[in-house]
Amino acid sequence: RGVHVSEARFQASFREFTRHAQNDRWPEDHPHELARGRPKDGAFLLSTDGFRVKCSAKLLGLAAPARWEGVGTKHEAALACAWMIPGVSVFVKSDSGSLHFVQKQEDTLHVYQVEKLR
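As the structure is a computational prediction, the values presented were derived from the model and not from experiment. (Residues numbered from 1 in each chain as written. Predicted model: local features only at pLDDT ≥ 70, side-chain atom pairs only at ≥ 80, totals over all residues. Heavy atoms only, no water.)

S.K.: I'd love a proper account of the pairing of strand S5 (residues 108-114), names of residues and values included.
M.R.: Taken together, the seven bridges between strand S4 (residues 99-105) and S5 define a ladder with antiparallel strand orientation. Looking at S5, one finds that Val 102 is bridged to Val 111. The hairpin turn running from S4 into S5, its antiparallel successor, is two residues long, and Glu 106 in that turn takes a positive phi close to 60°. (Pairing = 2+ DSSP bridges. Helix = DSSP H or I, 4+ residues; strand = E, 2+ residues; numbered from the N terminus.)

S.K.: Quick one: what's the story with the nonpolar core, residue by residue and with numbers?
M.R.: Core analysis: the biggest nonpolar cluster contains eight residues, these being Trp 68, Ala 78, Leu 79, Cys 81, Ala 82, Val 90, Val 92 and Val 102. Secondary-structure elements contributing two or more residues to this core are helix H2 (73-84) and strand S3 (89-93). Ranked by the residues each element gives to this core, the list is headed by H2, at four residues. (Core = buried A, V, L, I, M, F, W, Y, C linked by side-chain atoms within 4.5 Å. Buried < 20%, exposed > 50% of the residue type's maximum accessible area, 1.4 Å probe, protein only.)

S.K.: Give me the lowdown on the sheet that holds S3, citing residues and values where you can.
M.R.: Within the open sheet, the three strands sit side by side as S3-S4-S5. Their pairing is antiparallel. In this open sheet, the two strands that pair with only one neighbour each are S3 and S5. Neighbour-to-neighbour, the strand axes of the sheet open up by a mean angle of 20°, direction not taken into account. (Axes fitted to C-alpha atoms, helices over the stretch in contact; angles between N-to-C directions.)

S.K.: Could you give an account of the pattern of salt bridges, with specific residues and numbers?
M.R.: Scanning the model with the defined rule gives two salt bridges in all. The residue Arg 9 makes a salt bridge to Glu 7 at a minimum N-O spacing of 3.4 Å. Look at Arg 9 and you get exposed, because its relative accessible area is 55%. For Glu 7, a relative accessible area of 30% puts it in the partly exposed group. For Glu 69, the salt bridge is made with Arg 67, and the minimal N-O distance between the two is 3.1 Å. Considered together, Glu 69 and Arg 67 belong to a single accessibility category, that of exposed residues. (Salt bridge = Lys/Arg side-chain N within 4 Å of Asp/Glu carboxyl O.)

S.K.: Go over the pairing of S3, please, and point to the residues and values.
M.R.: Side-chain alternation along S3 places Val 90 and Val 92 on a buried face and Ser 89, Phe 91 and Lys 93 on a face that remains uncovered. Summarising the sheet, S3 and S4 pair through five bridges and their orientation is antiparallel. Residue Ser 89 lies in a different strand from S4, and its bridge partner there is Gln 103. Linking two consecutive strands that pair antiparallel, namely S3 and S4, is a turn of five residues; a positive phi of about 105° is found at Gly 97 within it.

S.K.: Account for unusual backbone geometry, naming residues and giving values.
M.R.: With a phi angle near 50°, Asp 24 is a residue other than glycine that sits in the positive phi range. Tracing the sequence through the fold places Asp 24 in the loop between helix H1 (8-18) and strand S1 (43-46). Residue Ser 56 is not a glycine yet carries a positive backbone phi of 60°.

Here is the structure:
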């Protein structure tokens, strides 16, 4: 709580959360007891000023306006979120490592592939 996205603590936690593991769960010896053995899954919802609103949130009931061929449910949830929630911008990362940015502009969804920074 109260950690800005620009802080190293947030970035380290986010990298750990998105790091692919064999079972995609927090290790049983994780320092935070409530995280132990739980899935590394869900959405990070951030405020416009860069602080978390929710982490590991399950987004339900949003209908995607289109199909995104060749990707899974998390990408369709990203489309639905960008379509249904005014002013939102969405990043979605594949298990394969690719990263996309999704944003609604007027009545059109725009999807951009984000190249890795060196």
